[in-house]
Each structure stands twice: as C-alpha cells, then as structure tokens.
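Structural characterization, general
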Amino acid sequence: MDLTPTPLISLDVFIASPCSYFLTASDTFNLEPTITWQRRLCNESRLRWEVEVCGEDFKKDMAHVDPEQWCNLTYFMSEYHLFTLCTETKSHSVDCYWPNPLVESYIIHIHKHFFSNCTIEEVIWMDPPDDTLTVLILIPVFLTLAMIALVVWCSKRSDLLA
C-alpha cells in the first residue's frame, strides 16, 4: 500500500481548464435565437373588466378624501399612484401594453368624474413697470457696447505691440 500523499487537485487541471474556454478562429456560432417568443394577443374584454376593478378601488379610496380637496394632489397622491399602478399591472397581466387607448379612455373618464372642476383661472399677463422694463432693456445694450469697445481696444493694442 502506497502511503505517499497525493495532491487532491493536480496543476494540469488549473492550466488546462482556462485554456479550454478560449475559442479559435475556426469556431462558429449559431446566432439565431433558439427560442422564438410569441406575443399573445391583448385580451381587451378582460382588460376592460380589470380596469373597472381598479376604478372601483380608486372610487372607494377617493370617498375618504374631502371633495373640497380633490383638486389638491397632495391629499390623494397615494390613491392615484395605486390606481395607475393597478391599471399598469392589470394591463400586463392580460398581455396588453400600457398605456393603451382603452386604459387611457378609462383614465380620462376618471378624470372627468373627479377632477372636472379643477380648472385653474387664466393668468392675465401684465407688462412690468416702466422702470423695470427700462433697466432690463438698457443692461444688454450697455454690455454689448462695452464688449465692442473692449474688442476694438484690444485689437489696437496688439497693433502697437507687434
């Protein structure tokens, strides 16, 4: 019986193993995909039902918000986020992309129901006071004249130095 210790791993395994991973110029690859993915068709009737479920959940959540605060996003931001997340998740679960025309039309329906009175008053633009307007006009004019004078002065100085 041989009692000499034998190494568990020989050195040639370490040397040969990494070399076997290199490829030569004669190696060829098959770049064609092995699995062809088929996109399933969007199930619009189920999507319509699923989006209605999201809308009903949103309506229940909005019932807890004071109607006077419906135009202030800070009061219902989390509810609206959950609503959009729900519509996105449901769209993907029935193999539809998001947003799509069906979901968009339902979101518009929800907006008309809850946020139709959230119009902002039209801003009436007024001219600034004459003093402010004069300063705003004269500053760029004087800066332009100063830059022209500086360029002319520098070009004359270079003629004297040359």
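Small disclaimer: the values here were computed from a predicted structure and weren't measured. (Residues numbered from 1 in each chain as written. Predicted model: local features only at pLDDT ≥ 70, side-chain atom pairs only at ≥ 80, totals over all residues. Heavy atoms only, no water.)

**Points about the nonpolar core**
Worth spelling out the cut-off: For the purposes of this section, nonpolar cores are sets of buried Ala, Val, Leu, Ile, Met, Phe, Trp, Tyr and Cys residues that join through side-chain atoms within 4.5 Å. Partly exposed describes any residue whose relative accessible area lies between the buried limit of under 20% and the exposed limit of over 50%, with all areas from a 1.4 Å probe on protein chains only and scaled to the type maximum. For helices the rule is a DSSP run of H or I covering at least 4 residues; for strands it is a run of E covering at least 2, with both sets numbered from the N terminus onward. Pairs of residues are marked as contacts when any of their non-hydrogen atoms sit within 4.5 Å.
Ranked by size, the top nonpolar core spans 19 residues in total, and within it L47, F58, M62, F83, I110, F114 and F115 carry the most contacts. Secondary structure elements with two or more residues in this core: α2 (44–62), α3 (77–93) and α4 (101–115). Beyond its immediate chain neighbours, meaning those up to four positions away, M62 contacts W70, F76, F114 and F115.

**Overview of the state of the cysteines**
For clarity, the cut-off: When the sulfur atoms of two cysteines come within 2.5 Å, that pair is taken as a disulfide.
Considering all chains together, one arrives at 3 disulfides under this definition. Put simply, C42 and C96 are joined by a disulfide, and their sulfur atoms are 1.7 Å apart. Between C42 and C96 the disulfide shows an S-S torsion of about 85 degrees. By sign, it is right-handed. Of the two residues, C42 sits in the loop between α1 (11–20) and α2 while C96 sits in the loop between α3 and α4, which places them 54 residues apart along the sequence. Across a sulfur-sulfur distance of 1.9 Å, C54 and C86 are joined as a disulfide pair. Disulfide C54-C86: the torsion about the S-S bond is -75 degrees, which places it as left-handed.

**Notes on the packing of α2 against α3**
Note the cut-off: Angles shown run from 0 to 180 degrees and are taken between the N-to-C directions of axes, each axis being a line fitted to C-alpha atoms and, for helices, limited to the stretch in contact. If an angle is under 35 degrees, it is roughly parallel; if it is over 145, roughly antiparallel; if it lies from 65 to 115, roughly perpendicular; otherwise it is oblique. Crossings are classed by handedness, with left-handed meaning an anticlockwise turn of the near helix from the far one by less than a right angle and right-handed meaning a clockwise turn. The residue classification treats Ala, Val, Leu, Ile, Met, Phe, Trp, Tyr, Cys and Pro as nonpolar and Asp, Glu, Lys and Arg as charged. All others, Gly included, are polar.
Closest axis-to-axis distance for the α2/α3 pair is 9 Å, and the angle between their directions is 165 degrees. Taken together, the axes of α2 and α3 are roughly antiparallel relative to one another. The two elements α2 and α3 meet at a crossing, and its hand is right-handed. Contacts between α2 and α3 pair R46, L47, E50, V51, C54, G55, F58 and D61 from the former with E79, Y80, F83, C86, T87, K90, S91 and S93 from the latter. Grouping the amino acids of the contact of α2 with α3 by side-chain chemistry returns 7 nonpolar, 4 polar and 5 charged.

**Quick word on α2**
Worth spelling out the cut-off: The span expected for a helix works out to 1.5 Å for each residue beyond the first. It is the directions from the helix axis to the C-beta atoms whose arc is reported.
Over its 19 residues, α2 extends 26 Å from the first C-alpha to the last, a length consistent with the 27 Å expected when each residue adds 1.5 Å. Of the residues making up α2, those classed as buried are L47, E50, V51, C54, G55, F58 and M62. The buried residues of α2 occupy an angular sector of 145 degrees when projected down its axis, which confines them to one face. Turned more than 90 degrees away from the buried face of α2 sit S45, W49 and K60, all of them exposed. Considering only its buried residues, α2 is in contact with α3 and α4.

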